[in-house]
Amino acid sequence: KRNNLSMEEKRLPRVAWRASRREFIKAAGLVSAAVALPTFIPASALGRAGAVAPSERIVVGGIGLGNQGGGDFGGFLGSADVQYVAVCDVRKNVRDGKKAQVDERYKSKDCAAYNDFRELLARDDIDAVHVATPDHWHAIIVTEACRCGKDVFCQKPETLTLREGPLMVEYARRYGRVVSGGSQRVLEDYRGTVDMCWGGKLGQVLSINVQTNNLSHACNLPPEPVPEGFDWEMWLGPAPWAPYNAKRCDGNFSTVDFSWRSYWDYSGGEITDWGAHHFGGATFAVDVRELQPQEVIYHASEGDKRAHLEFVYPNGMKITHCKPGKANMEVDSNERETRASKPVPGYKGKGGIIRDFLQCVRTREKPFRDIEFAVNTMSLCHLGTIAYRLQRSLKWDAAKQTFPGDAEANRFIDRARRQPWQL
C-alpha cells in the first residue's frame, strides 16, 4: 500500500512506482509453471491492441465540473491513459451527471461523487486532479492538493490576488508536484506572434499590447431560494457571505454581468479572465515569462481615449494594456536591429495542453504552462487592476512581493477570507 512507501516515493505519481505485472509476479515467486494463470486475459488489461493497462493509467479526479470544467472533464475522461475515478461539485445534479458519464465509459458504478473537495483529495489512490471552480477557490484547492500529494491542472485565472501566486508556486515546489495552468490559448492562439518574435523576423522587439475591457464590480442582486441539492455555503467558501441568486453564481462566460466572472468577490472581470490568455500570450511572445514587472505606469484618459497602462520589466521590455491605436497582441519593434532566433518551447508529448500535463505527470518535467509562468502572467492582471482602481502608477518589488512604501496599494495584495478557509 502507498502508506508504506517512503516520503520520496510518495511524492512520485502512482504510475512511477507501481510495479509492472511481470515484476509483481517475479517478486511473489509466481513464475512457476505449476501455478495456474487465467486462461484468458483481455488485451485491454495488458495494454495491448492500443489500450493502456489499468496499472499504467494515471488516476484522475475532477473538482468543479460546470462549463469550462465540463470541457476539461471530457478531455481527461477521453484520454486512454487516464482512469477517472472521482467527481466533485457543489451541485448535486452536476456531480451526478458527471458520475453517470464516467460509469458509462467504464461500464461500472465505481466513480465516486463528492460535495466536498477535501474528501476527494484525501484519497491516496488519486494521482492528479483538474480544478475549474470559480477563481476565489483556486489557491485553496491547489495548495491543499499539493499537500495531499496530487498533481494539479488548474484552469485560468489561476489566482484571485497577488499573494496567492507565490504560495501556489511554493506548495508545488515543496511537495514536488506538477502544477499546470489551464490557458490553451497562450500557445495555440498566439503561436504566429510568438514565432515571429522568437524567430527574429521582427528585429528587436520593444513592446507588445494587450487589449481587454472591464474590471469586475460589486454584486447587488436580490435573494432567491437556494435550489435543492446546491450547497450554497460551500460554493461561497472563502468569499464574503451573500444571498443566493442564480445570476450571481452562473458559470457562463460573460464578464459584463450576471455571471460570477463579473463580480469582485469571485473574479477580477475581463482583465483577469481574458487577461490570463492575452497577457500569457504576450509574456510568451516577448520572452518575459520568468519575470514580473517592476513598474506600472498609469496614463489617464484623455479626450475620447481611455486610460491605459505600461508594464515595465527589469530588462527594459514593455507590455502595454489598451494602448490607444493598438490592437490585441500588436508588437512594436525595431526591424533595423537584428535578433538571433531561438527554438520555441511547446507542449510535451503529443496533443494539447491536457496531454502536455499528463505527459509531465509521467516524466516529472515542468509543463508548458508551469504554475510559475501562470502566476507571473496573473501578476500583470492584478497589478493592472490595482493601478486602474487607484488611478495612478505603481512600483512593484517582485522579490519581496510588495509595493515599496505604498500602504494604500499594499492593501490590495490580498483579501480577507471567511473561516475556516484561510491560506
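Higher on the page you've got the structure.
Residues numbered from 1 in each chain as written. Predicted model: local features only at pLDDT ≥ 70, side-chain atom pairs only at ≥ 80, totals over all residues. Heavy atoms only, no water.

Peer 1: What exactly am I supposed to notice about the sheet that holds strand S2 (residues 82-88) here?
Peer 2: Where strands meet in a sheet, backbone hydrogen bonds hold them as pairs that are either parallel or antiparallel. The 6 strands lie next to each other as S3-S2-S1-S4-S5-S6, forming an open sheet whose pairing is parallel. In the strand order of this sheet, the two ends are held by strand S3 (112-114) and strand S6 (179-181), each with one partner. Recorded for the sheet is a direction-independent mean angle of 20° between the axes of neighbouring strands. Pairing geometry for S2 and S3, over 3 bridges, is parallel. Bridging from a neighbouring strand, Ala86 pairs with Ala112 of S3. (Pairing = 2+ DSSP bridges. Helix = DSSP H or I, 4+ residues; strand = E, 2+ residues; numbered from the N terminus. Axes fitted to C-alpha atoms, helices over the stretch in contact; angles between N-to-C directions.)

Peer 1: Explain the nonpolar core here, please?
Peer 2: Nonpolar side chains in soluble globular proteins tend to end up buried together. Among the nonpolar cores identified, the biggest contains 66 residues, and Tyr84, Ile319 and Phe403 are the most heavily contacted of them. With 8 residues, the top contributor of residues to this core is helix H16 (residues 371-390). Counting residues in hydrophobic clusters, the runner-up holds 45 residues, among them Leu121, Phe230, Trp232 and Cys249. (Core = buried A, V, L, I, M, F, W, Y, C linked by side-chain atoms within 4.5 Å. Buried < 20%, exposed > 50% of the residue type's maximum accessible area, 1.4 Å probe, protein only.)

Peer 1: What exactly am I supposed to notice about the pattern of salt bridges here?
Peer 2: For side chains of opposite charge, pairing can occur when their charged atoms come near one another. This model, assessed by the stated rule, comprises 29 salt bridges. For the salt bridge of Asp189 with Arg185, the shortest nitrogen-to-oxygen distance reads 2.7 Å. Across the pair Glu310 and Lys318 runs a salt bridge whose closest N-O atoms are separated by 3.3 Å. A network of salt bridges, in which partner residues are shared, links Arg163, Glu164, Asp414 and Arg417. (Salt bridge = Lys/Arg side-chain N within 4 Å of Asp/Glu carboxyl O.)

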